[in-house]
Amino acid sequence: MYSVNSKNKNKNKLIDKTVLIELDGFMMGSKNKVYKIGENAVKDIKVVDKNLASNLVNKQVLKKYQKLINYLTELLIDDDDSGDTYREVLNQIEKFRQEIKNKYRKYLKQKDLENMSKKLIVLQKEANKRLSELLNNVYNYENENRRSK
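Participant: How should I be thinking about the environment of Tyr71 in this particular structure?
Facilitator: The topology assignment puts Tyr71 in helix 2 (residues 50–77). Here the alpha-carbon distance between Tyr71 and Val89, two residues 18 residues apart in the chain, equals 8.6 Å. Setting aside chain neighbours within four positions, we find Tyr71 in contact with Glu88 and Gln92.

If you want it as structure tokens, here you go:
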């Protein structure tokens with residue numbers, strides 16, 4: 001754990017930055033947000049303790065997941081004849097899965113991952129089903145027009 005020592009003659013100077021950069025942990029906050037700790041402004045906070053990071057990540061991922069579910073249900077309810085909404089649903093699901101896999105998997109519990117995965121699989125199957133029906137209808141329509149000519 002690191003702390004700021006104001007009595008040191010190297011005040012506000014970090015001597016060895018490589019130690020901090022090499023720490024494996026969860027980066028908290030965003031690019032523009034500045035936290036105030038005591039009198040010091042801290043821009044980047046890296047949570048190294050896995051238990052602390054797990055709670056933070058779980059909260060953040062659940063927010064993203066809920067927002068994604070709401071967005072996907074809106075897209076699936078929307079009737080679009082071109083099939084773009086179904087492709088968008090499939091793209092968003094895959095994007096979310098890759099983000100979880102690359103950024104958050106080591107901080108989340110297996111049970112939480114499975115619950116999210118089950119709901120996403122249901123939405124993915126529904127989008128695939130509707131997209132294949134739409135493509136099948138378009139294919140059948142084109143074949144009927146060719147025969148009539």
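Participant: When you look at the pattern of salt bridges in this model, what are you seeing that I'm missing?
Facilitator: Where side chains of opposite charge bring their charged atoms close, a pairing between them can arise. In this structure the tally under the stated criterion is 5 salt bridges. One salt bridge in this structure joins Glu99 and Lys64, with 2.8 Å as the shortest N-O distance. In this pair, Glu99 is assigned in helix 3 (residues 84–104) and Lys64 in helix 2, connecting sequence segments 35 residues apart. Between Asp84 and Arg87 there is a salt bridge, and its shortest N-O distance comes to 3.5 Å. Of this pair, Asp84 and Arg87 both sit in helix 3, 3 residues apart, which is roughly one turn of the helix. For Arg87, a relative accessible area of 33% puts it in the partly exposed group. Via salt bridges that share partners, Lys64, Glu99 and Lys103 belong to a single interconnected network.

Participant: Just to check I follow, could you spell out the layout of surface pockets for this structure?
Facilitator: Over the atoms, a rolling probe the size of a water molecule traces out where space has been left empty. Looking at the second largest pocket, its volume works out to about 230 Å³. When its residues are assigned to classes, the lining of the second largest pocket shows 5 nonpolar, 3 polar and 5 charged.

Calculation criteria
Residues numbered from 1 in each chain as written. Predicted model: local features only at pLDDT ≥ 70, side-chain atom pairs only at ≥ 80, totals over all residues. Heavy atoms only, no water. Helix = DSSP H or I, 4+ residues; strand = E, 2+ residues; numbered from the N terminus. Contact = heavy atoms within 4.5 Å. Salt bridge = Lys/Arg side-chain N within 4 Å of Asp/Glu carboxyl O. Buried < 20%, exposed > 50% of the residue type's maximum accessible area, 1.4 Å probe, protein only. 1 Å grid on protein atoms, 1.4 Å probe; cavity = no way out; pocket = protein on both sides within 12 Å on 5 of 7 lines; lining within 4 Å. Points joined across faces, edges and corners; volume = space filled by probe spheres on them. Nonpolar A, V, L, I, M, F, W, Y, C, P; charged D, E, K, R; others polar.

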